[in-house]
Each structure stands twice: as C-alpha cells, then as structure tokens.
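Examination of the molecular architecture
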Amino acid sequence: MLFKGSAPALITPFTQEGHIDEAAFCALIDHQIASGSSALVVLGTTGENATIAPIERTKLVTLSVEHVNRRVPLIVGTGNNSTEESIRFSVEASQLGADGLLIVGPYYNKPPQRGFQAHVEAIAHVTSCPIILYNVPSRTGFDATTECILELAHEVPSVIGVKEASGDLAKIADIIKGRPDGFAVYSGDDEWTLFFLALGGDGVISVVGNVLPGLMSHLVKLGLEGNIKEAADLHYSLLFAMRACFLDTNPIPVKAVLSRLGQALPYLRLPLVEMTKEQEEMVMSDFSDALQMERALHQNHLAHSYDSGTDS
C-alpha cells in the first residue's frame, strides 16, 4: 500500500490572472504534512485537472515532487478519457518522481468494463508506478463493477488500490472481502469514510481534508485502530462540513473556505465559477464548529511539540 490514512485531494490554487499560485500551493503542502495527512493527491478532481494544460501539469508535478521531498507519498491524477494521453501523463509523472498514479474511469466515452480494463492495462504496461483506480460514476458516467476492479487487483501487479466513490455499500464490502493482500480500498467520499473503516477499508482520499486535515487524519486513525465509537462521534461532528463541500460543484465550496481562511485565493477555471455570497455564508456557517475543533487540535499539537521539545 502507498498509505493508510487520510490523503487530501489538493486544490490547485490560482492567481487572479489565472496562473498557478506556486507559493500558496507549497504552503498548503506544508500545512497538510504538519497536520498529519498520510499522503497527498495532486491533479485529482478537486485539483481541477480537466482544465490544467499539459505544460502546467509538468510544472505542478515537478513542484510537488520537489516540495514534498519524500515526506509523504505523492499521488498524481494522470487518467482521463484518452488512453494515449493517460499513458503520456502517467509516464511523465512517474519519471518526475511521483509515488503513485490515480487513474479515473474514462468519462464521456462510457466504455464497457473490458474497455476500462484494457485502458488500465495499457497504462500499467508502460510504467511500473503503483496505480490507484478511481471509480466516480457521478462524474464520469462510468461505473466499474466489483468484478472489473477485483480482476485488475488480482491480475495487474501495479494496481495496488481503489478510490471508490460509487456510494454502493454492497460493492464496497465485496471489494474489501475479495481483494488480494496489500490492495488498499479508500473512500472517495468523506461522508462514507466511517463505513469504509468499519468494513476494513484503509482510509480516504478527501475533499474536506483540504480545510480540516488534522481532524480527518484523526478520524481515520481512530477507525484504523478499531475505535469505531470515537470515530463515529467525530464523524457526526464533521458531517455539516463534509456536506458543505458539495453545496456547489467541488471544488467551488472548499476553495471559498480556504480563501476566507487566507490559505488560497478563491479563483477557479471556467466553466467553474465562484459561489454567490449567500452560498459562501452558508458554507462558512456549516464549517464553523469544525474549524474551531481543527484550531484546537492544532494548538494541542503545538503545545505537545513544545512540551516534548520537538519541532511542530
């Protein structure tokens, strides 16, 4: 496994002129690692990968690899609906130093299951970089079946995990039950994280973790340790914030929150647009309690680091 725990699918911050905000991106990386995130995902859905130009991809992956500097595993979203492009992006990310690749089900094409298998196999054939499948039918119009996922898990050595965002609890249970040793199953939806952990899953690739990295890391840690009751209590405390991330199309709400916190500017790439002020106030209200908990957790961490004589 590349990781067990919580890995935020990082936003891609932009300047007002539409360029990648490298300083803000590096600061986000440092904050995530300091807050306990187990891995980082760049160029996922939350990173607006569909509107990132190839030259920008190279720049962003290079910057990520250099700045993360092996502190945690770095996973790069390299899949799209073109197998040829997915291969090119995957080879480049691997050569630049990515620890893993996130391969989404091809969108718009709506391939048959054997087409998705062939798509993944073609990518795996040209690079040995570990692959995490990403099944998100609400975004792609394609839903990988349990049989398809498990066949890839058993037959393609470099396929080492899946980010499951179908919301199908029976499928999730069947994948966890039928997976080979070492194959990770991650929640692709923050609100489903607790269920994954209770069934024996390995963590979450998170949206809300952009804003609440410490709390999401703690929730997953509790679940992995078998403290389901405590994890459930924390889950309910974060529920409004988790749902607020989808009051508008992701990553619009989470970028609005990060902007209010001074961690990134709110700018997005068209066709995504900023929230209305009314929507933004609703989101901030839903995040209010969780943000106080995150600050308290951070302060406790700083106090513990100071008392023990370690760096924060």
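Shown above is the structure to which this text applies.
A few points on the structure. (Residues numbered from 1 in each chain as written. Predicted model: local features only at pLDDT ≥ 70, side-chain atom pairs only at ≥ 80, totals over all residues. Heavy atoms only, no water.)

1. Here we look at the layout of surface pockets
Filter applied, for reference: Grid spacing is 1 Å over the protein atoms alone, the probe is 1.4 Å, and a cavity is where that probe fits but cannot get out, while a pocket is an open set with protein on both sides within 12 Å along at least five of seven lines and lining residues have an atom within 4 Å of a point. Grid points are joined across faces, edges and corners, and a volume is the space filled by probe spheres set on the points. Secondary structure counts use DSSP, requiring at least four H or I residues in a row for a helix and at least two E residues in a row for a strand, with both numbered from the N terminus. Gly is placed with the polar residues, together with every amino acid not listed as nonpolar (Ala, Val, Leu, Ile, Met, Phe, Trp, Tyr, Cys and Pro) or charged (Asp, Glu, Lys and Arg).
Taken as a whole, the largest pocket spans an internal volume of roughly 520 Å³. Along its surface, the largest pocket is lined by 28 residues, and Glu48, Asn49, Ala50, Thr51 and Tyr107 are the ones closest to its centre. Elements supplying a minimum of two residues to the lining of the largest pocket: α2 (54-68), α3 (83-96), β4 (100-104) and α5 (137-140). The residue inventory of the lining of the largest pocket, partitioned by class, reads 13 nonpolar, 10 polar and five charged.

2. Remarks on the pattern of salt bridges
Quick note on the threshold: Note on definitions: salt bridges are taken to be side-chain nitrogens of Lys or Arg within 4 Å of carboxyl oxygens of Asp or Glu. Only protein chains enter the accessibility calculation, which uses a 1.4 Å probe; a residue is then buried when its area is under 20% of its type maximum, exposed when over 50%, and partly exposed in between.
Scanning the model with the defined rule gives 15 salt bridges in all. The residue Lys171 makes a salt bridge to Glu164 at a minimum N-O spacing of 3.9 Å. In this pair, the class of Lys171 matches that of Glu164, namely buried. Note that Lys229 and Asp233 form a salt bridge whose closest N and O atoms lie 3.0 Å from each other. Pair noted here: Lys229 and Asp233 are both in helix α10 (residues 228-244), with a separation of four residues, about one helical turn. Members of the salt-bridge network, linked through shared partners, are Lys4, Arg179 and Asp202.

3. Some remarks on the environment of Ile160
Just so we agree on the cut-off: The criterion used for residue contact is that any of the two residues' heavy atoms lie within 4.5 Å.
Looking at the element boundaries, Ile160 is found in strand β6 (residues 159-164). Ile160 gets classed as buried once you look at its relative accessible area, which sits at 17%. On a C-alpha basis, the gap between Ile160 and Met1 in space is 6.4 Å, while along the polypeptide they are 159 residues apart. In this view, Ile160 contacts Leu2, Pro130, Ile131, Ile132, Gly182, Phe183 and Ala184; residues no more than four positions away in its chain are not counted.

4. Remarks on the packing of aromatic side chains
Applicable threshold: Between rings of Phe, Tyr and Trp, where Trp is taken as its six-membered ring, a pair exists when centres lie within 6.5 Å; planes separated by under 30 degrees are stacked, by over 60 edge-to-face, and by other angles tilted. Cation placement over rings: the criterion is NZ of Lys or CZ of Arg within 6 Å of the ring centroid and within 35° of the ring normal.
The tally for this structure, following the rule as stated, stands at three aromatic pairs. A ring pair is formed by Phe3 and Tyr186, whose centres lie 4.3 Å apart and whose planes are at 0 degrees; its orientation type is stacked. Linking Phe3 in the segment before β1 (5-8) with Tyr186 in strand β7 (residues 184-187), this pair joins segments that are 183 residues apart in sequence. On the accessibility criterion, Phe3 (4% relative accessible area) is buried. You can call Tyr186 buried: its relative accessible area is 0%. Against the face of Phe89 rests Arg57, its NZ or CZ located 4.2 Å from the ring centre.

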